[in-house]
Amino acid sequence: MKRAIVTGGAGLIGAGICRALATEGWEVASFDLREGPEGARHIRCDVGDEASVAAAFGTLGWEGLDLLVNNAGIAGAAARPVTELSLADWRRVLDSHLTGAFLMTRAAAPLMREGGSIINMASTRAFMSEPDTEAYSAAKGGIVALTHALAISLGPRVRVNAIAPGWISGADDLHPEDHEQHPVGRVGRAEDVAGAVLYLAGAGFMTGQVLVLDGGMTRKMIYAE
């Protein structure tokens with residue numbers, strides 16, 4: 001049985017990834033401060049804290065690993081003008097996304113089996129922005145750069161890729177225009193991201209790449225008429 005770690009496994013996207021992997025027969029561990037979905041083993045971990053990551057791997061006790069999905073990270077907590085953004089909030093956001101991906105990868109790399117895969121969760125915010133999102137955008141931009149650096153450093157034994165989702169939602173109260181603005185006609189769902197993870201986990205000739213998963217929004221010109 002193949003083994004996978006998914007960070008942030010209790011959130012919308014992480015839970016969807018855990019469920020999809022378990023359905024495909026993977027043994028899944030969710031690294032999160034909260035309980036993940038059924039079918040995934042819960043390992044309590046603050047991915048941005050070095051001691052917590054080390055303790056989590058000790059609790060896990062696995063001797064081999066086939067897939068690491070660096071999905072954890074807080075969003076929205078530091079959405080304020082850059083002139084009002086505290087250094088503590090800046091660091092908290094970057095630690096949860098970028099430092100967490102580094103710490104998890106550093107701990108997981110010695111366990112990765114030949115042909116293993118690491119998938120980092122970036123965002124279309126690495127390439128385009130709304131106001132007051134500096135910390136989140138910087139973290140996701142760092143994830144993109146970390147991805148191609150790791151692909152070179154860990155290859156050919158391990159492949160490293162990233163997914164850059166756009167709007168992913170589990171809400172059922174969205175407006176028609178929310179869906180209609182997307183070239184594919186709808187807002188993304190967690191299972192869309194999970195499908196991309198399954199694809200990249202088996203895409204043996206792909207490494208160092210960023211798979212944009214946004215319903216076509218980054219290809220759409222938007223100008224006020």
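Here, every reference points to the structure presented above.
Residues numbered from 1 in each chain as written. Predicted model: local features only at pLDDT ≥ 70, side-chain atom pairs only at ≥ 80, totals over all residues. Heavy atoms only, no water.

Student: What should I look at first to understand the overall build of the chain in this one?
Tutor: The secondary structure content of the chain amounts to six helices and seven strands. Secondary structure elements of the chain, listed N to C terminal, follow the sequence β-α-β-β-α-β-α-β-α-β-α-α-β. Radius of gyration (C-alpha) of the chain: 17 Å, near the 17 Å computed for a compact globule of 225 residues. On the principal axes, the C-alpha backbone points of the chain span a range of 60 × 40 × 35 Å. Going through the 225 residues of the chain one by one, you find that 46% of them count as buried. At a minimum sequence separation of 6, the contacts of the chain that also span at least 24 residues come to 68%. By element, 53% of the accessible surface of the chain is carried by carbon and sulfur atoms, the whole surface being about 11,400 Å². For the chain, the centre of its 19 positive side-chain charges and the centre of its 26 negative side-chain charges are spaced 6 Å apart. (Helix = DSSP H or I, 4+ residues; strand = E, 2+ residues; numbered from the N terminus. Rg over C-alpha atoms; globule rule 2.2 N^0.38 Å. Buried < 20%, exposed > 50% of the residue type's maximum accessible area, 1.4 Å probe, protein only. Contact = heavy atoms within 4.5 Å. Areas by Shrake-Rupley, 256 points an atom, 1.4 Å probe, with all protein chains shown as cover. Lys, Arg positive; Asp, Glu negative; His and termini not counted. Charge placed at Lys NZ, Arg CZ, Asp CG, Glu CD.)

Student: I tried to follow the state of the cysteines on my own but got confused; where do I start?
Tutor: One way to say it: the disulfide is the covalent bond shared by the sulfur atoms of two cysteines. Applying the stated criterion across every chain yields a total of zero disulfides. Free of any disulfide, Cys-18 has its nearest cysteine sulfur in Cys-45, 13 Å distant. (Disulfide = S-S within 2.5 Å.)

Student: Quick question: what am I supposed to make of the packing of helix 1 (residues 12–23) against helix 6 (residues 190–202) here?
Tutor: Helix packing geometry: the angle between the two helix axes and the distance between the axes. Direction vectors running N to C along helix 1 and helix 6 enclose 50 degrees, while the axes themselves pass 8 Å from each other. By the angle between their directions, the pair helix 1 and helix 6 is classed as oblique. Helix 1 and helix 6 meet at a crossing whose hand is right-handed. Every residue of helix 6 that contacts helix 1 at Leu-12, Ile-13, Gly-16, Ile-17, Ala-20 and Leu-21 is listed here: Ala-190, Val-193, Ala-194, Val-197 and Leu-198. Among the residues making up the contact of helix 1 with helix 6, the classes are represented as ten nonpolar, one polar and no charged. (Axes fitted to C-alpha atoms, helices over the stretch in contact; angles between N-to-C directions. Parallel < 35°, antiparallel > 145°, perpendicular 65-115°, else oblique. Left-handed = near helix turned anticlockwise from the far one by under 90°. Nonpolar A, V, L, I, M, F, W, Y, C, P; charged D, E, K, R; others polar.)

Student: How should I be thinking about the sheet that holds strand 4 (residues 65–70) in this particular structure?
Tutor: Sheet strands pair by backbone hydrogen bonding; their relative direction is either parallel or antiparallel. The sheet built from seven strands is open, its strands ordered 3-2-1-4-5-6-7 with parallel pairing. Taken across any chain shown, the strands that pair with only one partner, and hence form the sheet edges, are strand 3 (40–44) and strand 7 (210–213). On average, each strand axis in the sheet is inclined to that of its neighbour by 20 degrees, with strand direction left out of account. With six bridges connecting them, strand 5 (residues 112–121) and strand 6 (residues 158–165) associate as parallel partners. Across the sheet, residue Asn-120 finds its bridge partner in strand 6, namely Ala-162. Docked against the sheet, helix 3 (residues 87–108) engages strand 1 (3–7), strand 2 (27–32), strand 4 and strand 5, running at close to 175 degrees with respect to strand 4. Relative to the sheet, helix 4 (residues 134–154) contacts strand 5, strand 6 and strand 7, its axis offset from that of strand 6 by approximately 165 degrees. (Pairing = 2+ DSSP bridges.)

Student: Would you explain helix 2 (residues 50–60) in this entry?
Tutor: Along an α-helix, residues three or four positions apart point the same way, because every turn accommodates 3.6 residues. Ser-52, Val-53, Ala-56, Phe-57 and Leu-60 are the residues of helix 2 that are buried. Looking straight down helix 2, one finds that the buried residues subtend no more than 135 degrees of arc, so they occupy a single side. Opposite the buried face of helix 2, at more than 90 degrees from it, the exposed residues are Ala-51, Ala-54, Gly-58 and Thr-59. Residues of helix 2 that are buried make contact with strand 1, strand 2, strand 3 and helix 3. For helix 2, the side-chain oxygen to backbone nitrogen distance between the N-cap and Ala-51 is 3.2 Å, and the N-cap itself is Asp-49. Phi turns positive, to about 75 degrees, at Gly-61, one or two residues after helix 2. (Arc of directions from axis to C-beta. Polar contact = N/O pair within 3.5 Å; in protein donor to acceptor, adjacent residues only side chain to side chain.)

Student: Explanation requested: the environment of Gly-116 in the structure shown.
Tutor: Counting through the fold element by element, Gly-116 comes out in strand 5. Gly-116 sits 81 residues away from Glu-35 along the chain, and the two C-alpha atoms are 26 Å apart.

Student: What's the story with the nonpolar core in this structure? I'm lost.
Tutor: When a protein is soluble and globular, its nonpolar side chains tend to lie buried together. Counting residues in hydrophobic clusters, the biggest one holds 33 residues, and the most contacted among them are Ile-5, Phe-31, Phe-57, Leu-65 and Met-104. Looking at this core, the elements that each hand over two or more residues are strand 2, helix 2, strand 4, helix 3, strand 5, helix 4 and strand 6. No other element matches helix 4, which puts six residues into this core. In this structure, Met-104 is in contact with Ile-5, Thr-7, Phe-31, Val-47, Val-53, Phe-57, Leu-68 and Asn-70, ignoring residues within four places of it in sequence. (Core = buried A, V, L, I, M, F, W, Y, C linked by side-chain atoms within 4.5 Å.)

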